Amino acid sequence: MPKLNENYLQLKDSYLFSEIAHRTAAYSEKHPDKPVIRLGIGDVTRPLCECAIKALHESVDEMGQSATFKGYGPEQGYAKTRDAIAAYYKRNGVEVDADAIFISDGAKSDTGNITELFGHDNVILIPDPVYPVYVDSNTMCGNKVTYISGNADNDFLPMPDHSQHVDVIYICSPNNPTGACYNKEQLKEWVDYALENEAVILYDSAYEAFISDPELPRSIYAIEGARKCAIEFCSLSKTAGFTGTRCGYTVVPKELVFTSSDGRKMSLNAMWNRRQSTKYNGTSYIVQNAAAAIFSEEGIKECQENLNYYKKNAKVIADTLTELQIPFYGGIHSPYIWFECPNGMDSWTCFDYLLENIQVVGTPGAGFGENGKNYFRLTSFGTYESTVEAMNRFKKLFAK
Ligand code: PLP
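What counts, and at which threshold
- Residues numbered from 1 in each chain as written.
- Predicted model: local features only at pLDDT ≥ 70, side-chain atom pairs only at ≥ 80, totals over all residues.
- Near = placed C-beta within 6 Å.
- Helix = DSSP H or I, 4+ residues; strand = E, 2+ residues; numbered from the N terminus.
- Nonpolar A, V, L, I, M, F, W, Y, C, P; charged D, E, K, R; others polar.
- Axes fitted to C-alpha atoms, helices over the stretch in contact; angles between N-to-C directions.
- Left-handed = near helix turned anticlockwise from the far one by under 90°.
- Contact = placed C-beta atoms within 7 Å.
- Parallel < 35°, antiparallel > 145°, perpendicular 65-115°, else oblique.
- Expected span 1.5 Å × (residues − 1).
- Buried ≥ 20, exposed ≤ 12 C-beta atoms within 10 Å, placed from the backbone.
- Arc of directions from axis to C-beta.
- UniProt positions renumbered as here; feature names shortened; annotations may be inferred.
- Domains from an automatic or database assignment.

Visitor: Explain the site of the ligand here, please?
Guide: Near the ligand there are 14 residues, and of these G106, K108, N176, S235 and S237 occur at the shortest range. Counting residues per element, the shell around the ligand draws most heavily on helix 4 (residues 107-113), which supplies 3 residues. For the shell around the ligand, the residue count by class is 4 nonpolar, 8 polar and 2 charged.

Visitor: I tried to follow the packing of helix 2 (residues 50-63) against helix 9 (residues 285-294) on my own but got confused; where do I start?
Guide: Each pair of packed helices gets described by two things: the angle between the helix axes and the distance between those axes. In the contact formed by helix 2 and helix 9, the axes pass within 8 Å of each other and the chain directions differ by 150 degrees. In this structure, helix 2 crosses over helix 9, and the sense of that crossing is right-handed. Across the interface between the two elements, C51, A52, K54, A55, L56, S59, V60 and M63 from helix 2 touch Y285, I286, N289, A290, A293 and I294 from helix 9.

Visitor: I tried to follow the packing of helix 10 (residues 297-323) against helix 12 (residues 384-398) on my own but got confused; where do I start?
Guide: Interaxial distance between helix 10 and helix 12 falls to 9 Å at its minimum, and their mutual angle equals 5 degrees. When the axis of helix 10 is compared with that of helix 12, the two are roughly parallel. Residues K312, N313, V316, I317 and T320 of helix 10 pack against Y384, T387, V388, M391, F394 and K395 of helix 12. Here the contact of helix 10 with helix 12 is composed, by residue class, of 6 nonpolar, 3 polar and 2 charged.

Visitor: Hey, could you run me through helix 6 (residues 184-197) in this one?
Guide: Count 3.6 residues to each turn of an α-helix, and residues three or four apart come out pointing the same way. The terminal C-alpha atoms of helix 6, which comprises 14 residues, lie 20 Å apart, in line with the 20 Å expected from a rise of 1.5 Å per residue. Along helix 6, the residues that are buried comprise L187, W190, V191, Y193 and A194. Across the axial projection of helix 6, the buried residues extend over an arc of 160 degrees, all falling on one side. For helix 6, exposure combined with an orientation more than 90 degrees from the buried face picks out E185 and E196. Where helix 6 is buried, its residues meet strand 5 (168-172), strand 6 (200-204) and strand 7 (230-235). A positive phi of about 50 degrees marks E198, the residue just after helix 6.

Visitor: For this particular structure, what's the right way to read the UniProt feature "domain: Aminotransferase class I/classII large" (unreviewed entry) in the chain?
Guide: Those residues carrying the UniProt feature "domain: Aminotransferase class I/classII large" (unreviewed entry) are residues 35-386 in this numbering. Secondary structure content for residues 35-386 is 35% helix and 17% strand, and the end C-alpha separation is 11 Å.

Visitor: Would you explain the domain arrangement of the chain in this entry?
Guide: Taken domain by domain, the chain holds domain 1 (8-47 + 299-398) and domain 2 (50-297). Each of domain 1 and domain 2 has a C-alpha centre, and these two points are 26 Å apart. Taken together, the contacts link 32 residues of domain 1 with 39 residues of domain 2. Tallying contributions element by element places helix 10 first for the side of domain 1 that touches domain 2, with 8 residues.

Visitor: Which parts of the structure should I look at to understand unusual backbone geometry?
Guide: Most of the time, phi is negative for any residue but glycine, and the peptide bond is trans. The omega torsion across D128 and P129 is 10 degrees, close enough to zero to call that bond cis. Relative to the helices and strands, P129 resides in the loop between strand 3 (124-128) and helix 5 (133-140). Cis rather than trans, the peptide bond between N176 and P177 has omega equal to 20 degrees. Within the secondary structure, P177 sits in the loop between strand 5 and helix 6. Even without glycine at this site, F156 takes up a positive phi of about 60 degrees. Its place among the elements puts F156 in the loop between strand 4 (145-149) and strand 5. Judged by C-beta crowding, with 24 C-beta atoms within 10 Å, F156 ranks as buried. A positive phi angle is found at N343, which is not glycine, with a value near 55 degrees. Tracing the sequence through the fold places N343 in the loop between strand 12 (336-340) and helix 11 (347-358).

Below you can see the structure in the form of structure tokens.
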């Protein structure tokens, strides 16, 4: 009998989305006449932009001709795509070398796989609440996690505790699920703290494209010193509607060099390169061409139209909650709105209450960590019409 990885026994059941689906289906079966509005899922609804579609068609045609057919590509990604991403960083005022960029099939894989570069006795700091992949991927390899609390007192933007030593720090900004977004001073404090501790920041910027204030950093590398202490993960899922097309990228600067226990220099860039070359055969040529097209001037403009659509929905939700005096976070530089469950409800009670009374489905905050148990996440990824209708129902239900 094989010995199994019993760390899997330590995982909490990931019943969040299946439980939401189960409760919603049970309600709809009982009340077929009452249409449910879904503002819970983190998936996009707008189609791919024209630039991406054109690049996909052209690349498919190339694959059908022996002169232009492509087989295995470079594991790190094609130069064209890496250069386009480096140029995108530059456009946002940040210098990133193309050879520090690794193209992948999305940020979920990379944020999950990055644990392989680290040992098992690190102090690993993860915010609560946050995207659950960070905790689960560490649990799967037997790592212990230290939580840092995001809460109403710190506007869900926890800051370092300078009396505590850490080795690995996860930051997600703009945050899923809270929508909270760090400013430059706050990120500088995290970078300085990481440098003091010789720690690594694993920075997830999957929602950077939702930041509309030019003063807010869209990349950790907008902060001085970050190249010496941070890996950045990004995704085209929300930026360009690639949730089904699949493409992301991870930046591992060459400056990230640490010392092994026997005194040898170890480069995280070289390690990630080795890891990817061994276990990943590259993102498809077709998808990488679509990704490169996204980062052209025209592509950025077209994606922005979809982002504006979602941002308009987020404003409808934020304006409604403001009017109803329900405290909330996010909704400006993020597709997520994180509100305090009214009347002291816990998040699952709030879920049932909204489903039963106004047929609006969201995501209970408890699914993102202990600190989410009295909060609720709505997303702006629905249609404008359904978002407006959901908020009209909110107004009727919560009007004082
Ligand atoms: N990081 C965060 C914070 C996310 O919320 C998500 C998706 O919801 C991902 C990463 C995963 O992105 P991808 O679709 O690129 O795997």
